[in-house]
Amino acid sequence: MRLFRVLALLLLLPSLAGCDLPRDPDGSLEQIRRGVLRVGVVHNPPWAVWTAVEPSGVEPALLRELAARLGARIDWVQGPEQELLKALEQGALHVVVGGFVDDNPWARQLGKTRPFHTTRLVVAARPQAPPLAELARAEVAAAPGSAASGYLLKKGAKPVDPYRGDWQYAALPDWSLTDGSLRPTEHVLREDKHVLLVAKGENGWLVTLERFLDERGLAILPLLRTHGRASP
Amino acid sequence: MSAAWPSFPCCGRTAVRRRKPHRLPQEQAEARLRAKRLEWATLIAMGTVVVLMGLVTGNSQAMRTAWIEDMLSFVPPVAVLIAMRVEQRAPDARFPFGYYRTVSIAFLCAALALTVFGGLLLFDAVQTLLSRDRPTIGTLRLFGETVWQGWVMIAVLIYSVIPPVLLGRLKEPVAKRLHNKALYADARMNRADWMTGAAAICGVLGIGVGLWWADAAAAALISLDVLRDGLRNLSMAVRDLADEAPRHIDPPEFDPLPRRMRELLERQAWVKEAAVMLREEGDLLTGQVYVVPRSDADLVARVEQAVRDLQALDWRLYDLAVTPVRRLD
């Protein structure tokens, strides 16, 4: 008897899957479609960049494309991270961009997309530099006070000021190593899984965002290279 | 253990009587073997369920609660299997009454675990409801498609109820035949598992249609069910250990066996009056029988015969003490 009920449920499922699920408790997606998409922008080049007019960067570029598809106008809100994330939590914004990563401390109070792109902070070498077997005691260019210099110190390497200019190795994001003047070594200092932040529980909007990001996944590296110029 | 109990200086070999081990009738011995196999099957089947659910649980509190409940469903089979192993040990100098109570003790521990977890899960669910915390469930990539995780969760939840419901149905008659309350409670909990699955599915579907509270409400329902199971089993285990008069497993009415035993005795010519006190010891029944003989002639032989006659009434009767007395008070 009960098994039959379970089987009946099984048969019912595909019909439900056709429905427009999941929906948002606060109706974000409804508001955005043919309405306004409110985007908070935290300055974090090349992911999101404040400008005098409209924000630029990888994530604003992606959202412009999505908004066009949904027939939405975008309201950009620029501000400090804390303020924007509180606004997001309260439902005053639909999404906040600014190079947020999967394990960011805010994620507990907020929703986030599945990681849509992974970047690595690597130790890169000049073409003529000898292979770097181990980091310990190696001189690697990293700006003083940067996270990269911290990782290097932890691993026993010696961070040097990039302005000296005569460095053989430098800590750089992997996407920036394109012009052939530097090659990545196997030393990875950090891995960043990038996400967009949304309000908790607005699942319909979240799913729309994730579908879009899945579809545009291959466009992200070129976008990064367009918007970003990294130096150690 | 042997270090702590190097010998029994107080009681030499002759001083301690050990009970003769209880022998199960053929039918019960077979049922016992089957029970063990079914409990192992439960552990394996629930293992697959727990792994699958763990992979997709995501942010649904209802599903997480159902997941924890499925993990908790390891506890009774483990308790039963351990008890069945220990229980079979022959009585020895250290435990002259044998190990038959292991079942009750294992069951008490299992029931306590269920109760505590049920309470914790309920607290968690109510807290989520009060804090209006909204579950966020996005998509995952499945065979190159982007699918809402909720659908995958529901599919796994449907799978998760099939093994326990089937196994519960198989275990129930075996538990009755063995008169094993722990096994019976385990079977009942398994059989009721479809409700947990259904509640969790409702929770996930609730999230799907934008009712954020449906999830925590479903979680609260599931935890209430765990808590109820725990309390019910706890009461049963405590009553067993406190020597309640024997009851049937289902419906839990008092067993008429003591009356039948008294009647059997009082039908005998040498018995003037008789009284019976029984208690459960694990799956078995033991206790004292008092008889007032009409004469003292041949009393030892008569008492020994009475023990044999009484124990023939039911396979569960074990190690009865028949005491001749002048009068019953």
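Preceding this section is the structure that the text describes.
**Focus: the pairing of strand E5 (residues 321–324) of chain B**
In this sheet, E5(B) lies alongside strand E4 (residues 284–293) of chain B in parallel orientation, the contact comprising 4 bridges. Across the sheet, the residue bridging to Val291(B) is Pro324(B), located in E5(B).

**Quick notes on the interface of chain B and chain A**
Taken together, the 26 residues of chain B in the interface contact 25 residues of chain A. Contact with chain A buries surface across chain B, with Arg134(B), Thr136(B) and Trp151(B) losing the most and accounting together for 24% of the total. At the junction of chain B and chain A, the tally comes to 4 salt bridges. Notably, a salt bridge pairs Arg134(B) with Asp26(A), separated by 2.8 Å at the nearest N-O pair. The interface formed by chain B and chain A includes 10 residue pairs in polar contact (both at pLDDT 80 or more). Contributing elements (two or more residues each) for the side of chain B that touches chain A: strand E1 (139–142), strand E2 (145–148), helix H5 (149–178) and helix H7 (193–208) of chain B. Per element, the largest residue contribution to the side of chain B that touches chain A is 6 residues, and it comes from H5(B).

**Re the pattern of salt bridges**
For the structure shown, the criterion picks out 40 salt bridges over all chains. Note that Glu65(A) and Arg216(A) form a salt bridge whose closest N and O atoms lie 2.8 Å from each other. Taken together, the residues span a long stretch of sequence, with Glu65(A) in helix H3 (residues 58–70) and Arg216(A) in the loop between helix H6 (203–215) and helix H7 (220–227) at a distance of 151 residues. Owing to a relative accessible area of 26%, Arg216(A) belongs among the partly exposed residues under this scheme. Its salt-bridge partner being Arg259(B), residue Glu263(B) comes within 3.4 Å of it at the nearest N-O pair. Residue Glu263(B) and its partner Arg259(B) are both found in helix H9 (residues 257–266); the two are separated by 4 residues, about one turn of the helix. On the basis of relative accessibility, which here comes to 34%, the residue Glu263(B) falls in the partly exposed class.

**Description of empty space enclosed by the protein**
All names here are of chain B. Counted by the stated rule, this structure contains 2 cavities of 30 Å³ or more. Space inside the largest cavity adds up to approximately 100 Å³. Glu-69, Leu-72, Ser-73, Leu-114, Asp-186, Met-189, Asn-190, Asp-193, Val-226 and Asp-229 are the residues that line the largest cavity. The element contributing the most residues to the lining of the largest cavity is helix H6 (residues 181–191), with 3 residues.

**Section: unusual backbone geometry**
Put simply, Pro45(A) and Pro46(A) share a cis peptide bond, and its omega is 0 degrees. Position of Pro46(A) relative to the elements: it lies in the loop between strand E1 (36–41) and H3. Following Asp250(B), the chain continues into Pro251(B) via a peptide bond in cis, with omega recorded as 0 degrees. You can see Pro251(B) is positioned in the loop between helix H8 (212–241) and H9. Despite not being glycine, Arg132(B) shows a phi value in the positive range, around 50 degrees. Position of Arg132(B) relative to the elements: it lies in the loop between helix H4 (102–130) and E1. Residue Arg132(B) is classed as exposed on the basis of its relative accessible area, which comes to 58%. You will see that Asp319(B), though not glycine, has its phi angle at about 55 degrees, which is positive.

**Some details on the sheet that holds strand E9 (residues 183–194) of chain A**
Residues and elements named next belong to chain A. One open sheet holds the 5 strands; their spatial order is E7-E6-E8-E5-E9, and the pairing between them is mixed. Both outer strands of the open sheet, strand E7 (158–160) and E9, are each paired with one neighbouring strand and no more. Taking each pair of neighbouring strands and ignoring which way they run, the sheet shows an average axis angle of 30 degrees. Across 8 bridges, the pairing between strand E5 (residues 117–125) and E9 is antiparallel. In the strand pairing of E9, Leu-121 is matched with Arg-190.

**Some points on the side chain of Asn233(B)**
By secondary structure assignment, the location of Asn233(B) is in helix H8. Other than its neighbours up to four places away in sequence, Asn233(B) contacts Phe107(B), Ala111(B), Leu114(B), Ala185(B) and Met189(B).

**Digging into the packing of helix H2 (residues 61–72) of chain B against H5(B)**
Residues and elements named next belong to chain B. Two elements in contact, H2 and H5, have axes whose closest approach is 12 Å; the angle formed by their N-to-C orientations is 30 degrees. Comparing the axis directions of H2 and H5 gives the class roughly parallel. Note on packing geometry: the crossing formed by H2 with H5 is left-handed. In contact with Met-63, Ala-66 and Asp-70 of H2, H5 contributes Met-153, Val-156, Leu-157 and Ser-160. Tallied by class, residues from the contact of H2 with H5 come to 5 nonpolar, 1 polar and 1 charged.

**Describing a nonpolar patch on the surface**
Residues and elements named next belong to chain B. A grouping of Val-51, Leu-52, Leu-55 and Tyr-159 is seen on the molecular surface, where their side chains present a nonpolar patch of about 380 Å² in accessible area. When residues in the nonpolar patch are grouped by element, the largest group, 3 residues, is from helix H1 (residues 26–56). For Val-51, the location among the structural elements is in helix H1.

**Focus: the side chain of Thr57(B)**
Residues and elements named next belong to chain B. Position of Thr-57 among the secondary structure elements: in the loop between H1 and H2. Engagement of the side chain of Thr-57 in a polar contact is seen with the backbone oxygen of Met-53, the distance being 2.5 Å. Discounting residues that sit within four places of it in the chain, Thr-57 has contacts with Met-63, Arg-64, Trp-67 and Met-153.

**Let's talk about the packing of H3(A) against H6(A)**
Residue and element names in this part refer to chain A. Contact geometry for H3 and H6: axes closest at 11 Å, N-to-C directions at 115 degrees. Considering how the two elements wind past one another, H3 and H6 form a crossing that is right-handed. On the side of H3, the interface is formed by Leu-62, Leu-63, Glu-65, Leu-66, Arg-69 and Leu-70, while H6 contributes Trp-205, Thr-208, Leu-209, Phe-212, Leu-213 and Glu-215.

**Let's talk about the sheet that holds E4(B)**
Residue and element names in this part refer to chain B. Ordered by their spatial adjacency, 3 strands build an open sheet running E3-E4-E5, and the pairing between neighbours is mixed. Either end of the sheet is taken by a strand with one partner, and the two such strands are strand E3 (271–281) and E5. Shown here is a sheet whose adjacent strand axes are inclined to one another by a mean of 15 degrees, direction ignored. Each of E4 and E5 touches helix H10 (residues 299–311); the most contacted strand, E5, lies at about 145 degrees to it.

Reading guide: rules and limits
- Residues numbered from 1 in each chain as written.
- Chains lettered and ligands numbered in written order.
- Predicted model: local features only at pLDDT ≥ 70, side-chain atom pairs only at ≥ 80, totals over all residues.
- Heavy atoms only, no water.
- Pairing = 2+ DSSP bridges.
- Helix = DSSP H or I, 4+ residues; strand = E, 2+ residues; numbered from the N terminus.
- Contact = heavy atoms within 4.5 Å.
- Buried area = accessible area lost by both parts, 1.4 Å probe.
- Salt bridge = Lys/Arg side-chain N within 4 Å of Asp/Glu carboxyl O.
- Polar contact = N/O pair within 3.5 Å; in protein donor to acceptor, adjacent residues only side chain to side chain.
- Buried < 20%, exposed > 50% of the residue type's maximum accessible area, 1.4 Å probe, protein only.
- 1 Å grid on protein atoms, 1.4 Å probe; cavity = no way out; pocket = protein on both sides within 12 Å on 5 of 7 lines; lining within 4 Å.
- Points joined across faces, edges and corners; volume = space filled by probe spheres on them.
- Axes fitted to C-alpha atoms, helices over the stretch in contact; angles between N-to-C directions.
- Parallel < 35°, antiparallel > 145°, perpendicular 65-115°, else oblique.
- Left-handed = near helix turned anticlockwise from the far one by under 90°.
- Nonpolar A, V, L, I, M, F, W, Y, C, P; charged D, E, K, R; others polar.
- Patch = residues over 30% accessible without salt bridge, like charges linked within 9 Å, V, L, I, M, F, W, Y side chains within 5 Å.
- Areas by Shrake-Rupley, 256 points an atom, 1.4 Å probe, with all protein chains shown as cover.

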